[in-house]
Amino acid sequence: MNVLALEFPPVTHLTNWPTGPLGFNKVAGIYVFATIATLVLFMIAGSKKQLVPRGIQNIAESSVDFVRNSIIMQTIGPDGLGYLPLLATMFFFIFFSNITEIVPGIQMPANARFGIPLMLALMVWVVYWVVGFIKQGPLHYLKNSTVPPGVPKVILPLVAFIEFLQILVVRPFSQAVRLFANMLAGHLILVTFAVLCAALFALQWYLVILPFSFALLVFLTAFEILVSFLQAFIFTILTAVYIGSSMHPDH
Amino acid sequence: MSMLHLIAAQDPGELQKGLTAVGRGIVYGGAAIGPGIGIGIVVGNAITAMARQPESAGMVRTTMFLGIAFTEALALFGFVLAFIISG
């Protein structure tokens, strides 16, 4: 079923991979890899704690520091540090399942399927509703998040309805669609230029280095590394923003 | 219009496929206009802010990514909708 990306799969596989036994396919395999990679990274980093970090411990510590300083402290504040494990594992899981987009032999971003981004977004949805209910109480949470201060009485019902839809539907949907559509778009662009390169190679082998296909393919591959990091970052930072807005209402 | 009638008389399925493709293009192209302008405004103002106060660059960058993410969502809805449309 063409698991390794050694030849081009049929175009229909772009949106619909064939499934093996128990519905297990390549995308599910990538998710298993991402889970194990996240687990192994932190277990190795935590097994031998050294005062001066080296190797994997260095990577894990600096990335946890990154999540702490540039995600949590910028959005929730010091009292959001309890969410560091959730946000750090979420960041790494998304990053590992995105980065397979440019790994030779795999070349498939697992988040280009809608399932797991939707599940992650629904998980975030549950977390910020529960946090809001616990920290502010159900009525205060609903009032604080649907009635923005300083709105004229006349348009208040409309604004309250929109804000309620925002926390009920729009937030998880847009968060899931953002991750999914970015990865699918990047994958489609890479596929387009790779197909072009392959067609030129089949025509005359030396035509493959024509700049518009080949140079753009190399450049876009580098760009997709940035995108897969950035999408993991944005998903995590939006999670932090939503949790923060449940903890501290706007005054 | 007579050209379309001619094609439709010969092969209606082909005309439908072609018009679906045109519709997809219009949907995504239309959805990309507003967010393109919006992201330009967001990033441009963030650069201005960073140039004026380099010491607050970290905070501005975080907020800039948030603004980009919210603005970009509309374009991505258009992208997904273009896939959903089928002839």
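Remember, predicted model here, so these are calculated numbers, not experimental data. (Residues numbered from 1 in each chain as written. Chains lettered and ligands numbered in written order. Predicted model: local features only at pLDDT ≥ 70, side-chain atom pairs only at ≥ 80, totals over all residues.)

## Details of the overall build of chain A
Looking only at helices and strands, one finds seven helices and zero strands in chain A. The N-to-C order of helical and strand elements in chain A reads α-α-α-α-α-α-α. Principal-axis analysis of the C-alpha atoms places the extent of chain A at approximately 70 × 55 × 40 Å. Counting all 251 residues of chain A, 28% fall into the buried class. Summarising the internal contacts of chain A: among those between residues at least 6 apart in sequence, 66% fall at separations of at least 24. (Helix = DSSP H or I, 4+ residues; strand = E, 2+ residues; numbered from the N terminus. Buried ≥ 20, exposed ≤ 12 C-beta atoms within 10 Å, placed from the backbone. Contact = placed C-beta atoms within 7 Å.)

## Quick notes on the overall build of chain B
Helices and strands together make up the secondary structure of chain B, namely three helices and zero strands. Reading chain B from its N terminus to its C terminus gives the helix and strand order α-α-α. The C-alpha radius of gyration of chain B comes to 21 Å, more than 25% above the 12 Å expected for a compact globule of 87 residues. Once the C-alpha set of chain B is aligned to its principal axes, its extents read approximately 70 × 20 × 10 Å. Within chain B, contacts between residues separated by at least 24 positions form 76% of all contacts whose residues are at least 6 apart in sequence. (Rg over C-alpha atoms; globule rule 2.2 N^0.38 Å.)

## Considering helix α2 (residues 12-52) of chain B
For α2 of chain B, with 41 residues, the first-to-last C-alpha span of 61 Å sits near the 60 Å given by 1.5 Å per residue. At Ile33 of chain B, α2 of chain B shows its maximal bend, which comes to roughly 25°, and the proline Pro35 of chain B appears one to four places after that position. (Expected span 1.5 Å × (residues − 1). Bend = angle between axes of the 7 residues up to and from the residue.)

## Some remarks on the nonpolar core
Leu87, Phe91 and Ala240 of chain A are the most contacted members of the largest nonpolar core, which has 44 residues in total. Those elements giving two or more residues to this core turn out to be α1 (26-47), α2 (56-75), α3 (84-99), α4 (115-136), α6 (156-203) and α7 (211-247) of chain A together with α3 (57-84) of chain B. Ranked by the residues each element gives to this core, the list is headed by α7 of chain A, at 10 residues. If near-sequence neighbours (up to four positions away) are discounted, Ala240 of chain A is found in contact with Ile71, Ile72, Thr75, Ile76, Gly80 and Leu87 of chain A. (Core = buried A, V, L, I, M, F, W, Y, C linked by C-beta atoms within 7 Å.)

## Some remarks on the interface of chain B and chain A
If you look at the interface, chain B gives 12 residues, while chain A gives 13 residues. Partitioning the side of chain B that touches chain A into residue classes produces nine nonpolar, two polar and one charged. (Nonpolar A, V, L, I, M, F, W, Y, C, P; charged D, E, K, R; others polar.)

## Observations regarding the confidence of the model for chain B
Here chain B shows a mean pLDDT of 85. Residues at 70 or above account for 98%. Predicted as a complex, the structure gets a pTM of 0.85 and an ipTM equal to 0.72. (pLDDT = per-residue confidence, 0-100.)

## What about the packing of α2 of chain A against α3 of chain A?
Residues and elements named next belong to chain A. Relative orientation of the contacting elements α2 and α3 amounts to 110°, with a least axis distance of 10 Å. As the angle between them shows, α2 and α3 are arranged roughly perpendicular. α2 and α3 meet at a crossing whose hand is right-handed. Residues Val64, Val67, Arg68, Ile71 and Ile72 of α2 pack against Leu84, Leu87, Ala88 and Phe91 of α3. Partitioned by chemical class, the residues of the contact of α2 with α3 number eight nonpolar, no polar and one charged. (Axes fitted to C-alpha atoms, helices over the stretch in contact; angles between N-to-C directions. Parallel < 35°, antiparallel > 145°, perpendicular 65-115°, else oblique. Left-handed = near helix turned anticlockwise from the far one by under 90°.)

## Thoughts on the packing of α2 of chain A against α7 of chain A
Think of two packed helices as two axes; the pair is described by the angle between the axes and how far apart they sit. All names here are of chain A. Direction vectors running N to C along α2 and α7 enclose 35°, while the axes themselves pass 8 Å from each other. Two packed elements cross with a definite hand, and for α2 against α7 that hand is right-handed. Note on element contacts: α7 touches α2 through Thr236, Ile237, Ala240, Val241 and Gly244, opposite Val67, Ile71, Ile72 and Thr75. Taken together, the residues of the contact of α2 with α7 sort by class into six nonpolar, three polar and no charged.

## Some details on the environment of Val218 of chain A
Residues and elements named next belong to chain A. Mapped onto the elements of the fold, Val218 is located in helix α7. Judged by the 11 C-beta atoms lying within 10 Å of it, Val218 is exposed. Counting along the chain gives 78 residues from Val218 to His140, while the straight-line C-alpha distance between them is 52 Å.

## Let's talk about the environment of Tyr242 of chain A
With respect to the secondary-structure elements, Tyr242 of chain A resides in helix α7. Discounting chain neighbours no more than four positions away, the residues touching Tyr242 of chain A are Val124, Tyr128 and Arg171 of chain A.

## Looking at the environment of Ile59 of chain A
Take Ile59 of chain A: it is sitting in helix α2. On the neighbour-count criterion, Ile59 of chain A (13 C-beta atoms within 10 Å) is partly exposed.

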